[in-house]
Amino acid sequence: MTSTGGMSANTRERLQQELDALRQQRESLAPRLGEDPMGDSADQADLLERAESVSKLDRRIAEITDLLHGGPTAEQDEGLLPSGTRVTLKFGDGDTEDLLVVGFTAEAEDELSSLTADSPLGRAIAGHAAGDTITYRTPGGQVSAEIVELTLPG
């Protein structure tokens, strides 16, 4: 029943490893949370700090669980590029950049620049082909680029 949601096997494995580690961390903190702090205020402060840590762990565990078990994905929006799409852009100054479209930032590969499908650049590329010029908004203003190559996964 688990859905990959467009996630690569490598990303799924990394998330599963992170989830296992987070569950172990939570397990090590949880038994101590039920202790009744009869000590001084430093003991009570320590207990509050552990409770906050467990809360953060719980949020991340829930987030990863949603991702691994078919939680919402960027690709569910109509018209977005699928995860694994490779694109080469040529900018006005002559620079080119090879990019990989990812559904989740956790899928980003170290050796290749990446963008999410629902980013301004990802949305600008969607629906276009090699040879098209796209324009998208950045914090520094509008940027235009030519799509040199666009390869869908598969």
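Residues numbered from 1 in each chain as written. Predicted model: local features only at pLDDT ≥ 70, side-chain atom pairs only at ≥ 80, totals over all residues. Heavy atoms only, no water.

> Hey, could you go over the sheet that holds strand S1 (residues 86-91) for me, with residue numbers and the actual values?
Paired through backbone hydrogen bonds, the strands of a sheet run either parallel or antiparallel to each other. The strand order across the open sheet built from 5 strands is S3-S2-S1-S5-S4, with neighbouring strands paired in mixed fashion. The open sheet has two edge strands, strand S3 (113-116) and strand S4 (133-138), and neither has a second partner. Strand-to-strand twist of the sheet, defined as the mean angle between neighbouring strand axes without regard to direction, takes the value 45°. Across 4 bridges, strand S2 (residues 96-102) lies against S3 in parallel orientation. The partner of Leu-100 across the bridge, within S3, is Ser-114. (Pairing = 2+ DSSP bridges. Helix = DSSP H or I, 4+ residues; strand = E, 2+ residues; numbered from the N terminus. Axes fitted to C-alpha atoms, helices over the stretch in contact; angles between N-to-C directions.)

> Tell me what's going on with a negative patch on the surface, and back it up with residues and numbers.
Taken together, Asp-93, Asp-95, Glu-97, Asp-98 and Glu-149 make up a surface patch of like negative charges. With respect to the element layout, Glu-97 can be found in strand S2. Since its relative accessible area comes to 30%, Glu-97 is described here as partly exposed. (Patch = residues over 30% accessible without salt bridge, like charges linked within 9 Å, V, L, I, M, F, W, Y side chains within 5 Å. Areas by Shrake-Rupley, 256 points an atom, 1.4 Å probe, with all protein chains shown as cover. Salt bridge = Lys/Arg side-chain N within 4 Å of Asp/Glu carboxyl O. Lys, Arg positive; Asp, Glu negative; His and termini not counted. Charge placed at Lys NZ, Arg CZ, Asp CG, Glu CD. Buried < 20%, exposed > 50% of the residue type's maximum accessible area, 1.4 Å probe, protein only.)

> Outline the pairing of S1, supporting the account with residue identities and numerical values.
Sheet topology places S1 next to S2; 5 bridges connect them, and they run antiparallel. Bridged to Val-87 within S2 is Leu-99. From the end of S1 to the start of S2, which pair antiparallel, there are 4 residues, and Gly-94 there has a positive phi angle of about 95°. Where S1 meets strand S5 (residues 141-151), 6 bridges bridge the pair, whose relative direction is antiparallel. Considered in S5, the bridge of Leu-89 is made with Ile-147.

> Describe the nonpolar core, listing the residues and the values that go with them.
Residues Leu-89, Leu-121, Ile-125 and Ile-134 are the most contacted members of the largest nonpolar core, which totals 17 residues. For this core, the elements supplying multiple residues, two or more each, are S1, S2, helix H3 (120-125), S4 and S5. Not counting the four nearest positions on each side in its chain, Leu-89 is found in contact with Asp-95, Thr-96, Glu-97, Leu-99, Leu-121, Ile-125, Ile-134, Ala-145, Glu-146, Ile-147 and Val-148. Counting 10 residues, the second largest nonpolar core, distinct from the first, contains Leu-15, Leu-57, Ile-61 and Leu-68. (Core = buried A, V, L, I, M, F, W, Y, C linked by side-chain atoms within 4.5 Å. Contact = heavy atoms within 4.5 Å.)

Everything listed here is a matter of coordinates, which is why it stays silent on function.
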